[in-house]
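# Tertiary structure, described
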Amino acid sequence: MALIRKRHIPLTWYVTATGTWFASHGIQHVMFAWLVAIVLFEPPIKVGIAQMALLIPAMLFMLIGGVVTDSFGGKRVAMISQALAVLPIAALAIVIFTDSLTFEIMLVYAVSIGVLQAFVTPARDSLLNYVAFGRIQRTVIKATLMQFVAQMLGFTLAATADTLGGVFVITTQAIIVGFGVLALSQLPNTQSSASLKTGSFLAVMKTSILEGAQTVWDNRAMRSVVGQNIAMGICFMGSYIVTIPLLIRERYEGTSFDLSILSLFNSSGLVLTIILLLLFSRGIRRQGRALLIAHGVGAFVLGIGGLGISYWAFCALVFLWGACGGVAMSMSRTIMQEQAPESQRGRVMAFFSFSFMGSGPIGAMLWGTSAQFFGPETTLLVANISMFCIVLMISLNSRLWRMKSTFALD
């Protein structure tokens, strides 16, 4: 019993630390779109550019973040990166308070947060195995559940921006991120790879990144997960973050409250699915098959949102899409965590995040331009038809559909 309690302590701090980041992300998801699309009232192509600026640092720095994590330890990298993230958030609150908000300032904020997220994400993911004690699939599902519950709290807080003001919401976000640094400090120290600290910085980075890339490429399961992650980043995330604020503004004539409600429906679907996965205590052995089915159904459901339906019907579809996302996110992270060598876990998880977040800017620019000429509804429909076709091809041509977990289920 004492051993069980001892095991729960680091997991609790891990969930708390990642929960603060996801709560902040929930606030940011709503507030960033609200400030750019509704407060500044920028055209669709500029909304796409702003979202691209938020995501593109992942493409540039995520792999470096993985190398730094393996070199200096996940705990140290996560603490420093999350502490630095307080600064641009606090600066944005000051800008809004002084009524100095401009599109250019939003771009600077986006790049700053994006760079820091490129280091926080692989560092945080590398810590999971230190608190899982061998129960990887179940720990991934538990952590994902709590992360999205925290994100829902962030959405709820952001919904008050029209009444309490943007300064209050974003200042609270900075406090939440700061508390996460304290939670990270309570985690056990993690090992680093001394071999990564020898040689010139650029040579080490090049060698380490290529080594991680080779590891992912040589593993057929991880290679397939990365492939579908790229498609998801372009077709799902890239279209969602651009078309949703535009639909709220142009079709539904909404505010930050409506944007937050839609995001809450999305996260509610995620949370419901993850709870069901936890109740299914034996786990899912056909993880790749579950991943592909979830993406296929999700593409079909979200695509219907481009057919000009009512706001509440759209919320219902986003809820179902979120439910599919709960399966997809849990299974893809589980596959990567199980397959990754311990000495390269930071780099492997960096490639996992890089494949999704790094492709997001491409989708944001692509679908932002499309929405400028064809409208957000047509853009959302085309993006999800594309995703469905890609999932079908991956199902027919990769081993994800047939693979079976060789690890003991929890």
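Here goes a summary of the coordinates provided. (Residues numbered from 1 in each chain as written. Predicted model: local features only at pLDDT ≥ 70, side-chain atom pairs only at ≥ 80, totals over all residues. Heavy atoms only, no water.)

On a plain count of helices and strands, the protein comes out with 15 helices and zero strands. Here the protein holds 410 residues, and 59% of them are scored as buried. If you take every contact in the protein between residues at least 6 apart in sequence, the share linking residues at least 24 apart comes to 88%. With the model as given, the accessible surface of the protein reaches about 16500 Å², and the carbon-plus-sulfur share is 70%. (Helix = DSSP H or I, 4+ residues; strand = E, 2+ residues; numbered from the N terminus. Buried < 20%, exposed > 50% of the residue type's maximum accessible area, 1.4 Å probe, protein only. Contact = heavy atoms within 4.5 Å. Areas by Shrake-Rupley, 256 points an atom, 1.4 Å probe, with all protein chains shown as cover.)

In this section: the packing of aromatic side chains. Each pair of aromatic rings is reported with the distance of its centres and the angle of its planes. For the coordinates displayed, the defined rule picks out eight aromatic pairs. Relative to Phe 314, the ring of Tyr 252 lies with its centre 6.2 Å away and its plane at 25°, an arrangement referred to as stacked. Residue Tyr 252 is found in the loop between helix H9 (220-251) and helix H10 (256-279), and its partner Phe 314 is found in helix H12 (residues 311-339); the two are separated by 62 residues along the sequence. Put simply, the rings of Tyr 252, Phe 265, Tyr 311, Trp 312 and Phe 314 pair up and form one aromatic cluster. For the cation-ring pair, Lys 46 lies above Phe 103, with the distance from its terminal atom to the ring centre recorded as 4.8 Å. Positioned above the aromatic ring of Trp 217, the side-chain terminus of Arg 223 is 4.9 Å from the ring centre. (Phe/Tyr/Trp six-rings, centres within 6.5 Å; stacked < 30°, edge-to-face > 60°. Lys NZ or Arg CZ within 6 Å of the ring centre and 35° of its normal.)

This part covers the environment of Ile 94. Tracing the backbone through its elements, the reader meets Ile 94 in helix H3 (residues 74-97). A relative accessible area of 54% means that Ile 94 is categorised as exposed. Sequence-wise, Ile 94 and Thr 171 are 77 residues apart; in three dimensions their C-alpha atoms are separated by 8.8 Å.

Two elements in contact, helix H2 (residues 44-72) and helix H13 (residues 345-357), have axes whose closest approach is 7 Å; the angle formed by their N-to-C orientations is 175°. Put simply, H2 runs roughly antiparallel to H13. Touching Leu 55, Ala 58, Met 59, Met 62, Leu 63, Gly 66, Val 67, Thr 69 and Asp 70 of H2 are Arg 345, Gly 346, Arg 347, Ala 350, Phe 351, Ser 353, Phe 354 and Met 357, all from H13. When grouped by side-chain class, the residues that make up the contact of H2 with H13 number ten nonpolar, four polar and three charged. (Axes fitted to C-alpha atoms, helices over the stretch in contact; angles between N-to-C directions. Parallel < 35°, antiparallel > 145°, perpendicular 65-115°, else oblique. Nonpolar A, V, L, I, M, F, W, Y, C, P; charged D, E, K, R; others polar.)

By secondary structure assignment, the location of Ser 126 is in helix H4 (residues 103-132). Within the local environment of Ser 126, its side chain forms a polar contact with the backbone oxygen of Ala 123, the two atoms lying 2.8 Å apart. Contact partners of Ser 126, with chain neighbours within four places excluded, come to Thr 69, Gly 74, Arg 345 and Gly 346. (Polar contact = N/O pair within 3.5 Å; in protein donor to acceptor, adjacent residues only side chain to side chain.)

This next bit is on the packing of helix H11 (residues 287-304) against H12. Each pair of packed helices can be described by the angle between their axes along with the distance between the axes. Two numbers describe how H11 lies on H12: the axes approach to 8 Å, and their chain directions differ by 155°. By the angle class used here, H11 and H12 are roughly antiparallel. Both H11 and H12 take part in a crossing whose hand is left-handed. Of the residues assigned to the contact of H11 with H12, the class counts are 17 nonpolar, six polar and one charged. (Left-handed = near helix turned anticlockwise from the far one by under 90°.)

The next thing to look at is the pattern of salt bridges. Applying the stated criterion to the full structure yields five salt bridges. Linking Lys 46 and Glu 42 is a salt bridge whose minimum nitrogen-to-oxygen distance equals 3.7 Å. Overall, the relative accessible area of 30% leaves Lys 46 in the partly exposed class. Looking at Glu 42, the relative accessible area reads 12%, which means it is buried. One salt bridge connects Glu 250 with Arg 249, and the closest N-O pair in it is separated by 2.9 Å. (Salt bridge = Lys/Arg side-chain N within 4 Å of Asp/Glu carboxyl O.)

Bringing H9 into the picture now. For H9, built from 32 residues, the straight-helix expectation of 46 Å at 1.5 Å per residue is met to within 8% by its first-to-last C-alpha distance of 43 Å. When the local axis directions of H9 are compared, the greatest deviation, roughly 35°, occurs at Tyr 240. When you tally the buried positions in H9, you get 26 out of 32 residues, the bulk of the element. One side-chain oxygen of the residue at the start of H9 lies 3.1 Å from the amide nitrogen of Ala 221, identifying that residue as Asn 219. Trailing H9 by a residue or two, Glu 253 shows a phi angle of about 50°, which is positive. (Expected span 1.5 Å × (residues − 1). Bend = angle between axes of the 7 residues up to and from the residue.)

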